[in-house]
Structures are given as C-alpha cells and as structure tokens.
Amino acid sequence: FSDAVVEADDFKGLKEVTVATSKLGNLGNLTVNDAGAVTVTAGEGMKGNLIVNDVTTGVVNAGAAKTVVVDAKAGTADDTVTVNAGAATTTMSVGAGASDAFDNATVIAGAATTDITVEAGKTAVVTAGAATKNITTTSNAATIDASAAVKDAVILVNKGADASTASVTLGNDATVTS
C-alpha cells in the first residue's frame, strides 16, 4: 500500500499533472513536488491528502481530495496560485508558513469545505462554501466572500499582517475579527 508522488521537475515542459487511480493498494494521497507553473488535478481515487509543493504560478484542482495543502516555491517573485476545492474537500491550507506563502492566492471552497487558511504576501481572495466555518487570511489585502458560509462562521482577516485593505462580504450572521 502506498501514496502517489510526482516529481514535476523531472518532466521538462510539463504543463499539467492529473493523477487518478482505482488500483488496489493506493491510499488515496497525492504529493506533487517542484510543481512550478504546472496545473495539478487530483483525479478519481485521490480521496485523501493532496499536497502540492513549490508552486510558482499555477492552478490546483482538488478533485476528490479531502485535504489540500499548497505551498509556494521559496524565493520566487510574484508567485500566484488558484486553488479550487472539490466536492469532498474539507480543509484547505494555502501558503502555510512564512517561507511558503504566496504573493497572490485565490482559494475557492467546495460544498464540504469547513476550514480555509491562506497566507499571501500581497493579496488573498477567498470564496467560502456552504459548510465553511473558519477562514484565516494573512496578507496585505484580502477579499473574502463569506456569504455562503455557515451561521456563526469565524473569519480572521489579515491575521498578523500589516494589512492595507480588507473586504468581507457576509451572510448568515458571520463573525469577523481583525
């Protein structure tokens, strides 16, 4: 039994990685290292953790993955990512840690997404899903659409950052802390 691991930098000119499996023995987890400017999609059978490391400018589609962790390549100027949750994605962590934070991150939750954490040096754009109850952003500017979030959702805007702007669209009696 094992997990899938893709070393994206081993494939010159690679633009897209889609991994799917129905093989016995696959644990449903996928790790893509040195993703760079590649679009990563977790296909059928990838129902556990999706970990994408060292993104410079890319798109991550969670597919069936339950947990998504996406990190920027350290030392990259103006790195940008868009992360799309799948229908079963519950947790999204984008740019966690100061050295792994993106300059710009867009995160779109799915129907089952409960927790979102985004660290982006310049901008963070977050769209909550119907099950979202926790959103935390650390960036200079944040735009959060929490109109679909659950009642009493907790939103920490630009936590620990020298924020210049924050825009939060609320619904369902959400609570905002800045």
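Residues numbered from 1 in each chain as written. Predicted model: local features only at pLDDT ≥ 70, side-chain atom pairs only at ≥ 80, totals over all residues. Heavy atoms only, no water.

## A closer look at the overall build of the protein
Check the secondary structure of the protein and you find 0 helices and 16 strands. Expressed as a percentage of its 178 residues, the buried residues of the protein come to 44%. The long-range fraction of contacts in the protein, counting pairs at least 24 apart against all pairs at least 6 apart in sequence, stands at 26%. Accessible area of the protein: about 8100 Å², with a carbon and sulfur share of 53%. (Helix = DSSP H or I, 4+ residues; strand = E, 2+ residues; numbered from the N terminus. Buried < 20%, exposed > 50% of the residue type's maximum accessible area, 1.4 Å probe, protein only. Contact = heavy atoms within 4.5 Å. Areas by Shrake-Rupley, 256 points an atom, 1.4 Å probe, with all protein chains shown as cover.)

## Remarks on the nonpolar core
Among the nonpolar cores identified, the biggest contains 44 residues, and Leu-30, Leu-50, Val-52, Val-70, Val-81 and Val-118 are the most heavily contacted of them. If one sorts the elements of this core by residue count, strand 11 (residues 115-127) sits on top with 5 residues. Those residues in contact with Leu-30 that sit more than four places away from it in its chain are Ala-4, Val-6, Val-19, Ala-42, Met-46, Asn-49, Leu-50 and Ile-51. (Core = buried A, V, L, I, M, F, W, Y, C linked by side-chain atoms within 4.5 Å.)

## What to know about unusual backbone geometry
Unusually for a residue other than glycine, Asp-54 sits at a positive phi of about 60 degrees. Here Asp-54 shows up in strand 5 (residues 49-55). Taking the relative accessible area as the measure of exposure, Asp-54 reaches 24% and is therefore partly exposed. Backbone geometry places Asp-152, a non-glycine residue, at a positive phi of 65 degrees. Mapped onto the elements of the fold, Asp-152 is located in the loop between strand 13 (141-145) and strand 14 (154-156). Exposure remark for Asp-152: the relative accessible area of 48% places this residue in the partly exposed category.

## Overview of the pattern of salt bridges
On inspection of all chains with the given rule, the structure shows 1 salt bridge. Ionic pairing is found between Lys-122 and Asp-78, a salt bridge with its closest N-O pair at 3.3 Å. With Lys-122 in strand 11 and Asp-78 in the loop between strand 7 (67-72) and strand 8 (80-84), the pair connects residues that are 44 residues apart, well separated along the chain. (Salt bridge = Lys/Arg side-chain N within 4 Å of Asp/Glu carboxyl O.)

## Some thoughts on the side chain of Thr-113
With respect to the secondary-structure elements, Thr-113 resides in the loop between strand 10 (102-108) and strand 11. A distance of 2.9 Å separates a polar side-chain atom of Thr-113 from the backbone oxygen of Thr-89. Within the local environment of Thr-113, its side chain forms a polar contact with the backbone nitrogen of Gly-110, the two atoms lying 2.9 Å apart. (Polar contact = N/O pair within 3.5 Å; in protein donor to acceptor, adjacent residues only side chain to side chain.)

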